[in-house]
Amino acid sequence: MRSEVPRERLRFFSNLKMPPERRRRVRQDRKTQARPDGRAGARWGRPPRKANPSCQRKSLAWPRAAAAAISVASEEEKRLRLRNRLALEEDKPAVERCLEELVFGDLEDDEDALLRRLRCPRVEVQEDSDDSEVEKEAKDNFLPQKKPVWLDEEDEDEEMVDMMNNRFRKDMMKNANENQLSKDELQKRLKEEFQHAMGGVPAWAEANKWKTPSDDESEEDEDDLLQRTGNFISTSTSLPKGILKMKNCQHANAERPTTARISSVQFHPRAQVVMVAGLDNAVSLFQVDGKTNPKIQSIYLEKFPIFKACFSANGEEVLATSTHSKVLYVYDMLAGKLIPVHQVRGLKEKIVRSFEVSPDGSFLLINGVAGYFHLLSMKTKELIGSMKINGRIAASTFSSDSKKVYASSGDGEVYVWDVNSRKCLNRFVDEGSLYGLSIATSRNGQYVACGSNCGVVNIYNQDSCLQETNPKPLKAIMNLVTGVTSLTFNPTTEILAIASESMKEAVRLVHLPSFTVFSNFPVVKKKNISLIHTMDFSPRSGYFALGNEKGKALMYRLHHYSDF
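Residues numbered from 1 in each chain as written. Predicted model: local features only at pLDDT ≥ 70, side-chain atom pairs only at ≥ 80, totals over all residues. Heavy atoms only, no water.

As annotated in an unreviewed UniProt entry, the protein chain carries the name U3 small nucleolar RNA-associated protein 18 homolog and comes from Odocoileus virginianus. Under the UniProt heading Subcellular location (unreviewed entry), the note attached to the protein chain is "Nucleus, Nucleolus". Here is the UniProt Subunit (unreviewed entry) comment for the protein chain, exactly as written: "Part of the small subunit (SSU) processome, composed of more than 70 proteins and the RNA chaperone small nucleolar RNA (snoRNA) U3." (UniProt positions renumbered as here; feature names shortened; annotations may be inferred.)

In structure tokens:
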């Protein structure tokens with residue numbers, strides 16, 4: 001077995017010398033000792049010689065000397081080890097030496113003391129019968145919290161915060177003597193300010209808040225949500241502002257091209273059909289698919305350049321007027337017959353051009369000259385009554401419930417008439433308008449939009465238009481610089497389309513209710529829109545169509561709306 005005595009101890013033993021008396025006695029014993037083979041020495045079987053008592057005393061002193069030598073050697077070893085460690089510590093930076101002292105203790109401590117300090121006894125935690133095996137194992141391995149190695153005296157001193165030189169803290173001073181506050185007092189003051197602003201302590205800030213059954217149910221719902229995979233993100237039902245996702249589709253009248261100006265474009269209220277009419281004396285119907293848009297039928301009216309064409313409310317008839325005639329054409333789509341209305345009894349207008357159909361399909365409103373507009377029955381095409389405003393009538397429209405008529409005059413005023421009694425309910429001046437050009441109402445009965453010659457579109461609340469003599473607009477849209485000739489709300493009242501026929505690319509889409517313009521329409525670099533004369537949205541806002549002076553019925557697909 002290999003000896004574990006250090007090398008220094010072995011070198012020490014080799015330097016020890018035997019006393020002279022002991023050496024002589026050893027020599028004599030070697031000479032007189034009988035060998036088993038009988039070759040030399042004393043005879044075999046002679047009794048051994050008795051040792052000298054003085055030698056016995058000297059042999060007892062030998063183990064004590066060896067123990068003293070071993071202790072001296074171990075002390076020398078410790079001294080050399082400490083000297084080597086101190087030599088290595090001199091090359092380390094002060095920060096590293098300080099960190100080692102905090103972790104391992106003083107350098108003078110030996111390694112055994114360090115090991116004993118690291119081997120702390122485990123804390124005996126009282127086991128609970130309800131704890132799982134994993135929790136019990138964690139408790140067994142839990143080490144006791146040690147006392148801090150040092151305490152910073154500066155932390156115990158209360159640091160004062162200046163209140164006068166900070167504009168936010170200055171408002172929290174209760175009197176002029178509070179130039180400085182301690183951190184604890186400042187924290188209490190901030191809590192008081194927060195609770196005063198919130199009207200008390202909010203529920204989420206309460207430390208002792210008992211859980212309710214609804215909280216447990218919400219936690220179960222969260223756990224159930226985390227246990228399943230899939231697409232949990234759904235699109236919002238309301239139209240977002242900023243960017244309108246849309247795609248340019250094939251022209252609505254691509255299968256019947258023309259170079260004449262498009263005067264009317266309108267989607268059928270019940271079928272996926274679009275009508276396109278223009279100054280080429282034709283009314284054409286196209287099937288809307290966004291790709292080829294096949295033509296269904298074309299109706300040619302000889303020497304009748306169409307000023308306006310419109311579907312009836314039920315979509316069974318098409319009404320058309322000309323630029324220089326008093327004849328009103330009615331096309332019955334079910335019977336396939338074209339019925340001209342040459343003269344309306346009681347109607348003394350020489351030219352019939354602009355008209356409106358009520359949303360409920362009961363009335364037909366014809367704009368005349370000298371401020372007159374006439375109310376006709378949609379079923380019989382007979383005159384019911386006439387109303388007059390001051391000045392020239394520029395545009396008119398029905399309310400969403402077909403009970404009121406809004407008329408914009410040439411002097412910048414707006415008149416509100418009751419359909420049943422044919423009396424003026426209110427009259428107000430369109431703010432900032434010299435004379436009006438267009439007017440439109442929303443489908444949900446919330447907004448009234450008025451377009452003027454200066455390019456401003458004022459959006460009013462319908463209730464204020466009925467009750468106030470000088471209503472203030474909710475928003476004035478000033479993105480156009482020429483007269484606004486076309487206004488159209490989409491069926492969901494989320495988009496207002498405004499356009500001017502006096503300037504190319506002068507069309508904008510306004511988001512409601514934020515009253516902001518979509519920034520990605522129109523694309524000015526392409527310049528394919530030109531001068532816009534008419535606009536319309538499909539029944540569920542899936543498509544948007546425009547007619548320009550080049551004979552093209554532009555059509556766009558609005559991706560936010562999934563249906564036609």
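K.L.:
Honestly, the packing of aromatic side chains in this entry has me stumped. Any pointers?
P.N.:
The way to describe two aromatic rings as a pair is by their centre distance and the angle between their planes. Applying the stated criterion to the full structure yields 9 aromatic pairs. Ring geometry for Phe304 and Tyr329: centres 4.7 Å apart, planes at 85°, overall edge-to-face. With Phe304 in the loop between β7 (295-300) and β8 (306-311) and Tyr329 in strand β10 (residues 328-332), this pair connects stretches of sequence that are 25 residues apart. An identical accessibility class is assigned to Phe304 and Tyr329; each is buried. Three or more aromatic residues link up through ring pairs in this structure, and these residues are Phe521, Phe537, Phe544 and Tyr556. (Phe/Tyr/Trp six-rings, centres within 6.5 Å; stacked < 30°, edge-to-face > 60°. Helix = DSSP H or I, 4+ residues; strand = E, 2+ residues; numbered from the N terminus. Buried < 20%, exposed > 50% of the residue type's maximum accessible area, 1.4 Å probe, protein only.)

K.L.:
What is the right way to look at the side chain of Thr397 in this model?
P.N.:
Along the polypeptide, Thr397 turns up in strand β16 (residues 393-398). Excluding residues within four positions of it along the chain, Thr397 makes contact with Glu356, Lys404, Val405, Tyr406, Ile439, Ala440 and Thr441. (Contact = heavy atoms within 4.5 Å.)

K.L.:
Would you explain the pattern of salt bridges in this entry?
P.N.:
Side chains that differ in sign of charge can pair as their charged atoms come close. Scanning the model with the defined rule gives 9 salt bridges in all. Here Asp563 and Arg540 are joined by a salt bridge, their closest N and O atoms 3.6 Å apart. Remark: Arg540 occurs in the loop between β28 (532-537) and β29 (543-548) and Asp563 occurs in the segment after β30 (553-558); sequence separation between them is 23 residues. (Salt bridge = Lys/Arg side-chain N within 4 Å of Asp/Glu carboxyl O.)

K.L.:
Could you clarify how one ought to interpret the sheet that holds strand β12 (residues 355-357) in this entry?
P.N.:
Adjacent strands of a sheet form backbone hydrogen bonds with each other and so pair up, either parallel or antiparallel. What the 4 strands build is an open sheet, ordered β12-β13-β14-β15; its pairing is antiparallel. Both edges of this open sheet fall to β12 and β15 (383-388), since each of them pairs with a single strand only. Each neighbouring strand pair of the sheet contributes to a mean axis angle of 20°, computed without reference to strand direction. By the bridge criterion, 3 bridges tie β12 to strand β13 (residues 363-367) in an arrangement that is antiparallel. Paired with Glu356 across the two strands is Leu365, which belongs to β13. (Pairing = 2+ DSSP bridges. Axes fitted to C-alpha atoms, helices over the stretch in contact; angles between N-to-C directions.)

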